[in-house]
Amino acid sequence: MKSIKNHLSLIVALVSILFAIQTFFITDRALAAYEETLKSHYSLVVVSDKKLDLAALKKRLPYVENITEIALESAVRKIDKNISEKNMRLLLTTLPHFYKITLKKYPTSKEITKLKKSLHAIEGIKSVEDFKESHDLTYKLLLLFKSVVTVFSLVVFVITLLLISKELRIWQYKHKERMNIMGLFGAPKWLSSAVLFRLAIVDAVISSILVMILFGFIANSRWLLSKLDAIGIKIVIFDVFKDFPLLFFAALFLSLILASTIVFTHKEEV
Amino acid sequence: MDKVIVASDLSLAYEKDEMIIKRASFSIESGSFVFITGASGSGKSTLLKSLFGALSPVEGSLIVGGVELNGVSRSKLNLLRRHLGIVFQDYKLINEWTIDKNISLPLIINGYEKSVTETQVETLLKHVRLKHQSGKYPLELSGGEQQRVAMARALAHNPIMILADEPTGNLDDYSAQLIWNLLAGANEQLKTTVVVVTHRIPQTLNVDYKHYHIEYGNLHEVN
């Protein structure tokens, strides 16, 4: 019972911190997935009098993932299915070339303006459609999400500091007497603080396992999965091989910092 | 006889301008039994603290077990403390450890083997008449029993010297007598030096002892 009590206070603090960290990871992952979706749906359309050298163009422009020429014939046939072959050929000789540009990332408004300027500088390009209005609206929404995540991470950081400093005071009070007594009998620092470090390591292991189990349940929650599915986001809620080591090391780092602070700020009182 | 404590012009203070012990010079021979008496606040506990290095001398020299404690390094102090047994009025037991583990503390620190430690703890528990309480935690015991545990801990590693600060201050007569007997026994049988800080010297104690008294920060021997 005594042993469980000794562990419980730090485990509760660590589990709360790890829970917040993992929630931050999930939010960040969801945001990245959402940005990826936006990116895959966004493209620019370039209209050019001349046929463009696509390979050279791709090398010259930043963030460009792919440039493809839009097949006009099929586009025209979609509009007018009854167009004759003669008229089609005539139309194709008069129409300019249309190109679709997809990007490596979801661009900022500034990046679009820059890209557009670079495209206009190329000989033959008459116009560039960047769907700016729709892009800006979505981009602002994305920025808002990112700000929310940043604020959330700051809050997590502050709460972590508060929890740790509170825990530090509890531990200092709890372990001071034992360290004092051991010191009176000539125990070296490593021996009088061994219990503290053992406690820190064991608690880090227990709390990271508890968080893994908790997120194991959350990852299988039908409610959450259906919500994510509804907005077209597919993410890994808890990656055992990636997230567990990260959470474990975070817990270990925090608890070892806690133990070391107590050991190195300890002053003998008799 | 060898001198286990040699103090020359020793001054002790918590704040530099308020000397608690003023230029005390004395020596304690190995194997002797010494009482230090004085009124409350006279500085007798302060002097005892300095003997195990919990308080550094402000001036003068204090040599305990061949180690100069004025400016001593932590590692040297640890080495010295491993050969001392200390008993406090408030017992200073580790409450989350069983009494058996508390008694074994100096043995663990001194690197004794587990089997030796276990045998020694068992012997000491019998010696302090607490065999029936083995496995219990300090807070499950009475004050007198806790002090007997502290006494067993102080004796566990056959120290060269036992330093006791008001060891019977909070105890009933039975436990107090048992503590005095244990201290006298260690002194007579094991030739352990015993330094006791107390208000009153027990009348029933049957050992030769040296008596120092502290008054207004001055230490003098009482004949």
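Scroll up a little and you will see the structure.
All values reported here derive from a predicted model rather than from experimental measurement. (Residues numbered from 1 in each chain as written. Chains lettered and ligands numbered in written order. Predicted model: local features only at pLDDT ≥ 70, side-chain atom pairs only at ≥ 80, totals over all residues. Heavy atoms only, no water.)

**Student:** So what's going on with the overall build of chain B? Residues and values would help.
**Tutor:** Broken down by element type, chain B carries 6 helices and 10 strands. For 223 residues, the compact-globule formula gives about 17 Å, and the C-alpha radius of gyration of chain B, at 17 Å, lands near that figure. Judged by the C-alpha coordinates and their principal axes, chain B covers about 50 × 40 × 35 Å. In chain B, the share of contacts with a sequence separation of at least 24, taken over all contacts with a separation of at least 6, comes to 71%. In the form shown here, chain B has an accessible surface area of approximately 10200 Å², with 46% of it arising from carbon and sulfur atoms. (Helix = DSSP H or I, 4+ residues; strand = E, 2+ residues; numbered from the N terminus. Rg over C-alpha atoms; globule rule 2.2 N^0.38 Å. Contact = heavy atoms within 4.5 Å. Areas by Shrake-Rupley, 256 points an atom, 1.4 Å probe, with all protein chains shown as cover.)

**Student:** With reference to specific residues and values, describe the sheet that holds strand β5 (residues 67-68) of chain B.
**Tutor:** Sheet strands associate in pairs through backbone hydrogen bonding, adopting either a parallel or an antiparallel arrangement. All names here are of chain B. Across the sheet, which stays open at both edges, the 4 strands sit in the order β2-β1-β4-β5 with antiparallel pairing between neighbours. In this open sheet, the two edge strands, each paired with only one partner strand, are β2 (18-29) and β5. Inspection of the sheet shows strand β4 (residues 59-64) paired to β5 by 2 bridges, in the antiparallel sense. Directly across from V64, in β5, lies its bridge partner V67. Packing of helix α1 (residues 44-51) onto the sheet brings it into contact with β1 (3-15), β2 and β4, and relative to β1 it is tilted by some 120°. (Pairing = 2+ DSSP bridges. Axes fitted to C-alpha atoms, helices over the stretch in contact; angles between N-to-C directions.)

**Student:** Requested: an account of the pairing of β4 of chain B, with residues and values cited.
**Tutor:** Residue and element names in this part refer to chain B. Taken together, the 5 bridges between β1 and β4 define a ladder with antiparallel strand orientation. Note that in β4 the partner of S8 across the bridge is S61. Connecting β4 to the next strand, β5, in antiparallel fashion are 2 residues, including G65 with a positive phi near 55°.

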